[in-house]
Amino acid sequence: METLTLDFDETQTKLYLKISNAIRQAIVNGAVMPKEQLPSTRVLAEQLSVNRHTIMAAYNELIAQGWVKTKQRQGYSVADILPINSALADKTKHDNTANKHSWRVIKPSNHDFSRPANEYAFNFAGGNPDIELFPFNEFRSFINDALNRPSIKALNYGENNGYEPFIIEVSKYLRRVRAIVNKEIVVVNGTQEALYIIGQILLQSGDCVAVENLGYRPAWNALKNAGAELIGIKQTDQGIDVADLELLIKRHNIRLLYLTPLHQYPTTTTISAQHRVQIYRLAQQYNIPIIEDDYDHEFHYKSQPLPPMAANDPSGLVIYLSSFSKIMFPGIRLGVIAVDKSLASHIVSYRTLINHKANVLLQDAVARWMRDGGFERHLRKATRCYLKRRKCMIDVLNTFIDEGLTIKFTSPKGGMALWVDVGERAAEIAQLAKELGLFILAENAFHLHQYNDENKFIRLGFAGQSEEKIQQGLKLLKPLLNK
Ligand SMILES: Cc1ncc(COP(=O)(O)O)c(C=O)c1O
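Overview of the structure. (Residues numbered from 1 in each chain as written. Predicted model: local features only at pLDDT ≥ 70, side-chain atom pairs only at ≥ 80, totals over all residues. Heavy atoms only, no water.)

## Digging into the pattern of salt bridges
Logical step 1: Scanning the entire structure with this criterion turns up 19 salt bridges.
Logical step 2: Salt-bridge contacts for Lys 69 lead to Asp 80; the nearest nitrogen and oxygen are separated by 2.7 Å. Placement of Lys 69 in strand 1 (residues 68–71) and of Asp 80 in the loop between strand 2 (75–78) and helix 4 (86–92) is noted, with a sequence separation of 11 residues between them.
Logical step 3: Among the residues examined, Asp 80 registers a relative accessible area of 40% and is labelled partly exposed.
Logical step 4: Among the charged side chains, a network of salt bridges with common partners joins Glu 138, Asp 372 and Arg 377. (Salt bridge = Lys/Arg side-chain N within 4 Å of Asp/Glu carboxyl O. Helix = DSSP H or I, 4+ residues; strand = E, 2+ residues; numbered from the N terminus. Buried < 20%, exposed > 50% of the residue type's maximum accessible area, 1.4 Å probe, protein only.)

Listed below in structure tokens is the structure:
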């Protein structure tokens, strides 16, 4: 250990005792733990501007008292067992709760951090990419490039909307692949940050947000946090029921619409081109912005995906969100908002309240990777792989059906999961599956209102694990479906 902050008792006159008392106090307070190395006599002598012999005398005092041990050529460390009474021992363990401060938490959020999906032997979570497919070696060279030729100006404060070369690459990609033009790009630390900021800027208490009846809870939580009430739109096998949306707009103070039009989360249906036009006209007529969460656009199989609603947005009311969590991995915390210029400046300005800007080094590396073509190569590879896994899952489930199991599903055109009708015991099946080491969610995890739960559907993600794992996991699941 190099540095140790010490608090001295000024009433002690002997210098070595003053120092030994301060070190002992640091041990009692838990600043250094049993078995941890203490600073060398040279370092501590320099730090305190005293003679090394004084430090040695202080350490010898602590050795004599049993607080410190020393071994030849290994310096000094805290004793394994402290010569301390039980009350003090409790204090060093930091588990003394009796006189802890009790916080006045005004906005508690009860996010469940219990056992994450990736800790299960078989992870059928719907939206997980397979991180092992990511070309880490290839990406390393772009991180190295970013470090070898750093953009000193951009690495400083300022340029808060995003790193210019990254914005150029993303704009080019969105224009070519998703037909999005005439939008300003704001770089964010993932879609969640975007949703939070948009909620804070556009919503207040008393406002309503129309959302799909079955949907993405983290987005809902961010919008609710801004004070809004969520109103569920009925769903059909073609996305949302547009007539129901119109009715809701007439009845409620709807100020924002949050949709996942391409691969509806979690049911994987696509809102048809015709319905998109109707939804857009309603939004225009009633002056309601649309958040379009296009979270897994690339993973569409066999045909071209429909262009986003943001690609045909003459009024500039679509706020388009795109995340790198599925394309790369969730830990990258990178996403973009493509939005009309008139809102972009408000988003950038509000973001400075919580974070100045997104990580510039990462944006630089990803921009270089995109320019090199590696980004699209990876996407093609991942899409081919997910297509195979999708086929594997469909084949296994079809053999279950051939063998007499009463499950139903439609093969999705895209996305990373199947929405499977298992009859009437979905929640029980998901629970029992967890006990067998399979992470599976039932429809109750996605409903805005539990009274809509028909307890029929489970969601089976196919992208995040190998075909072997899919086969093994489904084999374990089969007896649960059979009851
Ligand atoms: C519907 C939906 N939107 C967005 C995201 C991505 O969010 P983020 O960019 O915050 O990781 C996910 C990821 O699971 C998602 O399922």
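From this point, the narrative continues.
## Quick word on the pairing of strand 9 (residues 254–259)
Logical step 1: Strand 9 sits mainly inside the fold: five of its six residues count as buried.
Logical step 2: Bridge analysis of strand 5 (residues 208–212) against strand 9 gives four bridges, and the strand direction is parallel. Bridge pairing in strand 9 links Val 211 to Tyr 258.
Logical step 3: Of the pairings in the sheet, the one linking strand 9 to strand 10 (residues 290–293) comprises three bridges and is parallel in character. Across the sheet, residue Tyr 258 finds its bridge partner in strand 10, namely Ile 291.
Logical step 4: Where the polypeptide runs from strand 9 across helix 11 (residues 273–286) and back to strand 10, its parallel neighbour, the crossover connection is right-handed. (Pairing = 2+ DSSP bridges. Right-handed = clockwise from strand over helix to strand, strands pointing away.)

## A look at empty space enclosed by the protein
Logical step 1: For the structure shown, the criterion picks out one cavity of 30 Å³ or more.
Logical step 2: In this model, the largest cavity occupies a volume close to 40 Å³.
Logical step 3: Element by element, the count of residues in the lining of the largest cavity is highest for helix 7 (residues 164–178), at four residues.
Logical step 4: Partitioned by chemical class, the residues of the lining of the largest cavity number eight nonpolar, one polar and one charged. (1 Å grid on protein atoms, 1.4 Å probe; cavity = no way out; pocket = protein on both sides within 12 Å on 5 of 7 lines; lining within 4 Å. Points joined across faces, edges and corners; volume = space filled by probe spheres on them. Nonpolar A, V, L, I, M, F, W, Y, C, P; charged D, E, K, R; others polar.)

## Some details on the sheet that holds strand 15 (residues 441–442)
Logical step 1: Taking strand neighbours across the sheet as the criterion, the three strands line up as 13-16-15 in an open arrangement whose pairing is antiparallel. A single partner strand is all that each edge strand has here, and the edge strands are strand 13 (417–421) and strand 15.
Logical step 2: As judged from the two bridges shared by strand 15 and strand 16 (residues 457–461), these two strands associate in the antiparallel manner. Pairing of Ala 442 across the sheet is with Ile 458, part of strand 16.
Logical step 3: Helix 14 (residues 374–402) contacts strand 13 and strand 16 of the sheet and is inclined by roughly 15 degrees relative to strand 13. (Contact = heavy atoms within 4.5 Å. Axes fitted to C-alpha atoms, helices over the stretch in contact; angles between N-to-C directions.)

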